[in-house]
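Chains, contacts and geometry: an overview
One letter stands for each residue in the lines below.
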Amino acid sequence: MIRAAAAELSRRVAEWPRVALVLGSAQSSFSEALEDRVAIPYREIPGWPVPRVAGHAGELIVGRSGTKRVAVLSGRVHLYEGWTPQEVVFGVRVMGLLGVRVLVLTNAAGGIRESYRPGMQVFITDHINLQGVNPLVGANDQSLGPRFPDMSEAYDRGLLELARDTARGLGMNTGEGVYAAMLGPSFETPAEIRFLRTIGADLAGMSTVPEVIAARHMGMRVLAVSTVTNMAAGMQAALSHEEVLETGKASAAELKRFLGAFLEKLEV
Ligand code: HPA
């Protein structure tokens, strides 16, 4: 099915970009600003899972940000909606087949590290997969990647360095940290957050890790950025999806500036 989707997309777009972005909750404004845009609704791509959660869009956009051509997956599907891990990584695999070499993912996350503040952008340096699943379970498609892919540098050091430089240039107050992937959809309990802090996590979220695993399986280089939309459970008053969306929207402009400047510096 990923091959049918890739074939359809290569029919629609003559030359596929070498960079793709996966944008999370309330972060679609970046793709709206692209020039020479071609938007392909997910439902027109064979096998592509279509998001059902309020606040998550559902189209694939190819366009230009400054001098860089990019593909943007605006809206993603999550395990907590009942999608299988293979469905969750469908789009990332199609990007890999189309020749994408650098994958940039954004998400909303709860801040576990005390120094984080809501609205802050945090570059993910590593992850802890607590979702209980892995998109590579099952027969390995050797044409995509190895049976046992290395994850010792899942988040590319060079891209991280470029992200730091970019953020510094823009005067942003960013953080760096380890992302714990939870299944959701309930937010964590305060006890779970204390557990996550103890095992070395700085952020809690419900996405991204399956996509990163699939991307690394195919040898793509990965940068991932979390917007801290709230402090994690037990560190602030009760959490709500509305708060996550509102804070996400409020810091979307900064994230958009960052992504534009980052892509300008990126060499692929
Ligand atoms: N926990 C998990 N996922 C999240 C959170 C959180 O606190 N905020 C946004 N996504």
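Starting from 1, residues in each chain are numbered consecutively following that chain's sequence as written. The model is predicted, so local features are restricted to residues of pLDDT at least 70 and side-chain atom pairs to those at 80 or more, both for listing and for counting; the totals for chains, interfaces and linings are taken over all residues. The basis for every side-chain value is the complete set of heavy atoms in the structure, and neither hydrogens nor water enter the calculation.

1. Re the packing of aromatic side chains
- The rule is short: rings of Phe, Tyr and Trp, with Trp giving its six-membered ring, pair when the centres are within 6.5 Å, and they are stacked under 30 degrees, edge-to-face over 60, tilted in between. The full count for this structure, using the stated rule, is four aromatic pairs.
- When the centroid spacing of 5.1 Å and the interplanar angle of 20 degrees are considered together, the rings of tyrosine 42 and tryptophan 48 count as stacked.
- Residue burial is assigned from relative accessible area. The probe radius is 1.4 Å, only protein chains are included, and a residue is buried under 20% of its type maximum, exposed over 50%, and partly exposed in between. Since its relative accessible area comes to 1%, tyrosine 42 is described here as buried.
- Centroid distance phenylalanine 123 to phenylalanine 258: 5.3 Å. Interplanar angle 40 degrees. Geometry classified as tilted. Here phenylalanine 123, found in strand E6 (residues 121–129), pairs with phenylalanine 258, found in helix H9 (residues 252–265); they are 135 residues apart in sequence, far enough to count as distant. Helix and strand labels come from DSSP, where a helix needs a run of H or I of at least four residues and a strand needs a run of E of at least two; each type is numbered from the N terminus.

2. Structural notes on the nonpolar core
- Here, nonpolar core means buried Ala, Val, Leu, Ile, Met, Phe, Trp, Tyr and Cys residues that are tied together by side-chain atoms lying within 4.5 Å of each other. Counting 48 residues, the largest nonpolar core has Leu9, Trp16, Trp48, Leu60, Val94 and Met95 as its most contacted members.
- At five residues, helix H7 (residues 209–217) tops the list of elements feeding residues into this core.
- Grouped together as the second largest cluster of nonpolar side chains are 25 residues, Leu23, Leu34, Ala167 and Leu223 included.

3. Considerations on the site of the ligand
- Any residue with at least one heavy atom within 4 Å of a molecule or strand is counted as near it. Surrounding the ligand, one finds Ala108, Ala109, Gly110, Phe187, Glu188, Ala204, Gly205, Met206, Thr229, Asn230, Leu239 and Val244.
- Within the contact set of the ligand, a nitrogen atom lies 3.3 Å away from a backbone nitrogen or oxygen of alanine 108.
- Counting of polar contacts relies on pairs of N or O atoms within 3.5 Å, with two restrictions inside protein: one atom must be capable of donating a hydrogen and the other of accepting it, and residues adjacent in sequence are counted only when both atoms are side-chain atoms. Measuring from a nitrogen atom of the ligand, one finds a backbone N or O atom of glycine 110 at 3.4 Å.
- Here the accessible surface of atoms and residues is derived via Shrake-Rupley with a 1.4 Å probe, and residues count as covered only by protein chains that are part of the display. Here the ligand loses 95% of its free accessible area of 260 Å² to cover by the protein chains.
- Elements that contribute at least two residues to the shell around the ligand include exactly strand E5 (102–111), strand E8 (203–205) and strand E9 (221–231).
- Examining the composition of the shell around the ligand, we find that three residues originate from one element, E5, more than from any other.
- Here the nonpolar group is Ala, Val, Leu, Ile, Met, Phe, Trp, Tyr, Cys and Pro; Asp, Glu, Lys and Arg are the charged ones; every other residue, Gly included, is treated as polar. Here the residues of the shell around the ligand are counted per class, giving seven nonpolar, four polar and one charged.

4. Things to note about the side chain of threonine 106
- Along the chain, threonine 106 falls in strand E5.
- In this structure the side chain of threonine 106 is engaged in a polar contact, spanning 3.0 Å, whose partner is the backbone nitrogen of glycine 24.
- A contact between two residues is defined here by any heavy atoms of the two lying within 4.5 Å. Setting aside residues up to four positions removed in sequence, threonine 106 forms contacts with Val22, Leu23, Gly24, Gln27, Arg76, Thr208, Val225, Leu255 and Leu259.

5. With respect to the environment of alanine 253
- Within the secondary structure, alanine 253 is located in helix H9.
- A sequence separation of 185 residues divides alanine 253 from lysine 68, and the C-alpha atoms of the two residues are 19 Å apart.

6. Re helix H1 (residues 2–12)
- Those residues of H1 that fall on the buried side of the exposure criterion are Ile2, Ala5, Ala6, Glu8 and Leu9. Seen along its axis, H1 keeps its buried residues to an arc of 160 degrees; they face one direction.
- Looking at the buried side of H1, the elements it contacts are strand E2 (35–41), strand E3 (59–65) and helix H4 (90–97). This arc describes the spread of directions from the helix axis toward the C-beta atoms.

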